Amino acid sequence: MTDSIRTGQILLGGFLALVIVLLSYKAKFLNRSGAFATFILAVLIFGFGGWKWSVPILVFFILSSLLSKTGKKRKEQFKNTFEKSGVRDYAQVIANGGLAGLFIFLYIFKPLPMYYHLYLVSLAAANADTWATEIGVLFKKTPRMITTFKKVEPGISGAVSIFGTGASLLGSFAIAFSGYLFSLSFKNLVLITLTGFFGSIIDSYFGASIQGQYQCTICNSYTEKHIHCKSATKHIKGFNWLNNDLVNILSAVFSILIFLLFS
Ligand SMILES: [Zn+2]
């Protein structure tokens, strides 16, 4: 690529990033810190990666944002269970897009195809996890805890259902397929779909076992939050410092390791 074409692409990427971030901020998909983190990520990806890198992250960002707004009424019920609401802050953007950012960064310095594959795996895992939650809670079927298979309230970390698991596989496939449209091999399409899906299973498992969980001292419900019913919750299990964002990063790292093992 000549320098002037590259400069043009970076300027256009910056402009597109600004438009998307402003629209998302207005639609309340992102708060101010989330908008800033997304802008940096989008400039790197749109500016240096072109369509091949941009389409998969747009699929993740646009479809997941729209999904988080569907079934609003039903999701209202769970807003006291989840640590965070549908508005993403910088920590969520880093948890879901930080690894993607790392791989475009490495690719800018050394354009190895492997970085693109790992970029897709990290996005596939993030998308699988998001779709599992956003679609899973829409169905009335009672989920079960991944570790014990006992019936639990929907929305609790580690709760899995047939619909959520199906949505997770579909979410992983959507990212892998968007890469397949741009030169990915069929073998990698399958491998990325499976490792991304596996990442969301690990995510649920970590959510049920090592993620910090709390109980409200007023209403007794289980939650990821430190404050519930306006009072401090009691830490009941898992590591106190291990929140959902860190669990997301950890499970994406596992997906990447598995992909490396099989590729
Ligand atoms: Zn409470």
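Residues numbered from 1 in each chain as written. Predicted model: local features only at pLDDT ≥ 70, side-chain atom pairs only at ≥ 80, totals over all residues. Heavy atoms only, no water.

Q: An account of the overall build of the chain is requested, with residue identities and associated values reported.
A: Along its length, the chain carries eight helices and seven strands. Over its C-alpha trace the chain gives a radius of gyration of 19 Å, about what one expects of a compact globule, namely 18 Å for 263 residues. Principal-axis analysis of the C-alpha atoms places the extent of the chain at approximately 65 × 40 × 30 Å. In the chain, buried positions account for 47% of the 263 residues. Put simply, the chain has 24 plus and 10 minus side-chain charges, and the middle of one group is 5 Å from the middle of the other. (Helix = DSSP H or I, 4+ residues; strand = E, 2+ residues; numbered from the N terminus. Rg over C-alpha atoms; globule rule 2.2 N^0.38 Å. Buried < 20%, exposed > 50% of the residue type's maximum accessible area, 1.4 Å probe, protein only. Lys, Arg positive; Asp, Glu negative; His and termini not counted. Charge placed at Lys NZ, Arg CZ, Asp CG, Glu CD.)

Q: Before we move on, can you summarise the coordination of the zinc ion with the specific residues and values?
A: Those donors, Cys-216 (SG), Cys-219 (SG), His-228 (ND1) and Cys-229 (SG), are the protein atoms that reach the zinc ion, and they lie 2.0 to 2.3 Å from it. Taken together, the four donor atoms coordinating the zinc ion and their angles of 103 to 115 degrees define a geometry best described as tetrahedral. Counting residues between consecutive donors of the zinc ion along the chain gives the motif C-x2-C-x8-H-C. Of this pair, Cys-216 sits in the loop between β3 (213–215) and β4 (222–223) while His-228 is found in strand β5 (residues 227–228), placing the two residues 12 residues apart along the sequence. Each member of the pair, Cys-216 as well as His-228, carries the same accessibility label: buried. (Donors = N, O, S within 2.8 Å, 3.2 Å for Na, K, Ca; no water. Tetrahedral: all angles 85-135°; square planar, octahedral: opposite > 155°, others 65-115°.)

Q: Summarise helix α8 (residues 244–262); cite the residues concerned and give the values.
A: For α8, spanning 19 residues, the distance from its first C-alpha to its last is 27 Å, which sits close to the expected 27 Å at 1.5 Å a residue. Those residues of α8 that fall on the buried side of the exposure criterion are Asp-245, Val-247, Asn-248, Ser-251, Ala-252, Ser-255, Ile-256, Ile-258 and Phe-259. Those residues of α8 that are buried lie in contact with α4 (90–109), α5 (113–136) and α7 (186–209). For α8, the N-terminal capping position is held by Asn-243, with its side-chain oxygen 3.3 Å away from the main-chain nitrogen of Asp-245. (Expected span 1.5 Å × (residues − 1). Contact = heavy atoms within 4.5 Å. Polar contact = N/O pair within 3.5 Å; in protein donor to acceptor, adjacent residues only side chain to side chain.)

Q: Provide a residue-level description of a nonpolar patch on the surface, including the pertinent values.
A: A cluster of nonpolar side chains, Leu-169, Leu-170, Phe-173, Phe-177, Tyr-180, Leu-181, Phe-186, Val-190 and Leu-194, forms an exposed patch at the surface whose accessible area comes to about 830 Å². If you list the elements that add at least two residues to the nonpolar patch, you get α6 (162–180) and α7. It is α6 that contributes the most residues to the nonpolar patch, five residues altogether. In this structure, Leu-170 sits in helix α6. (Patch = residues over 30% accessible without salt bridge, like charges linked within 9 Å, V, L, I, M, F, W, Y side chains within 5 Å. Areas by Shrake-Rupley, 256 points an atom, 1.4 Å probe, with all protein chains shown as cover. Salt bridge = Lys/Arg side-chain N within 4 Å of Asp/Glu carboxyl O.)

Q: An account of unusual backbone geometry is requested, with residue identities and associated values reported.
A: The residue Lys-28 is not glycine, and still its phi comes out positive at about 65 degrees. Within the fold, Lys-28 resides in the loop between α1 (3–26) and α2 (32–69). Lys-28 gets classed as exposed once you look at its relative accessible area, which sits at 55%. Even without being a glycine, Lys-230 presents a positive backbone phi close to 60 degrees. One can find Lys-230 in the loop between β5 and β6 (231–232).

Q: Which residues make up the sheet that holds strand β7 (residues 234–237), and what are the values?
A: If you walk across this open sheet you meet the three strands as β4-β3-β7, and the pairing is antiparallel. With one partner strand each, in any of the chains shown, β4 and β7 form the two edges of the open sheet. As defined by bridge partners, β3 adjoins β7 across three bridges and the pair is classed as antiparallel. Looking at the pairing, Gln-213 lines up with Lys-237 of β7. (Pairing = 2+ DSSP bridges.)

Q: So, the environment of Gly-34: which residues are in play, and what are the values?
A: By secondary structure assignment, the location of Gly-34 is in helix α2. Between the alpha carbons of Gly-34 and Cys-229 there is a distance of 26 Å; along the sequence they are 195 residues apart. Those residues in contact with Gly-34 that sit more than four places away from it in its chain are Arg-88, Asp-89, Tyr-90 and Val-93.

Q: How would you summarise the environment of Lys-69 if you had to cite specific residues and measurements?
A: Residue position: Lys-69 is located in helix α2. With 174 residues separating them in the primary sequence, Lys-69 and Asn-243 have C-alpha atoms 23 Å apart. If we ignore the near neighbours within four places in the chain, the residues touching Lys-69 are Ala-27, Lys-28 and Phe-29. In terms of polar contacts, Lys-69 uses its side chain to reach the backbone carbonyl oxygen of Lys-28, at 3.4 Å.

Q: Before we move on, can you summarise the environment of Leu-23 with the specific residues and values?
A: Along the polypeptide, Leu-23 turns up in helix α1. According to the relative accessible area criterion, Leu-23 is exposed, its value standing at 57%. Leu-23 sits 12 residues away from Ala-35 along the chain, and the two C-alpha atoms are 9.8 Å apart.

Q: Lay out the packing of α7 against α8 in plain terms, naming residues and giving numbers.
A: Contact pair α7 / α8: the axes reach a minimum separation of 8 Å and the direction vectors enclose 145 degrees. When you trace α7 past α8, the crossing you get is right-handed. Here Lys-187, Asn-188, Leu-191, Ile-192, Thr-195, Phe-198, Gly-199, Ile-202, Asp-203, Phe-206 and Gly-207 of α7 come into contact with α8, specifically with Val-247, Asn-248, Leu-250, Ser-251, Phe-254, Ser-255, Ile-258, Phe-259 and Phe-262. (Axes fitted to C-alpha atoms, helices over the stretch in contact; angles between N-to-C directions. Left-handed = near helix turned anticlockwise from the far one by under 90°.)

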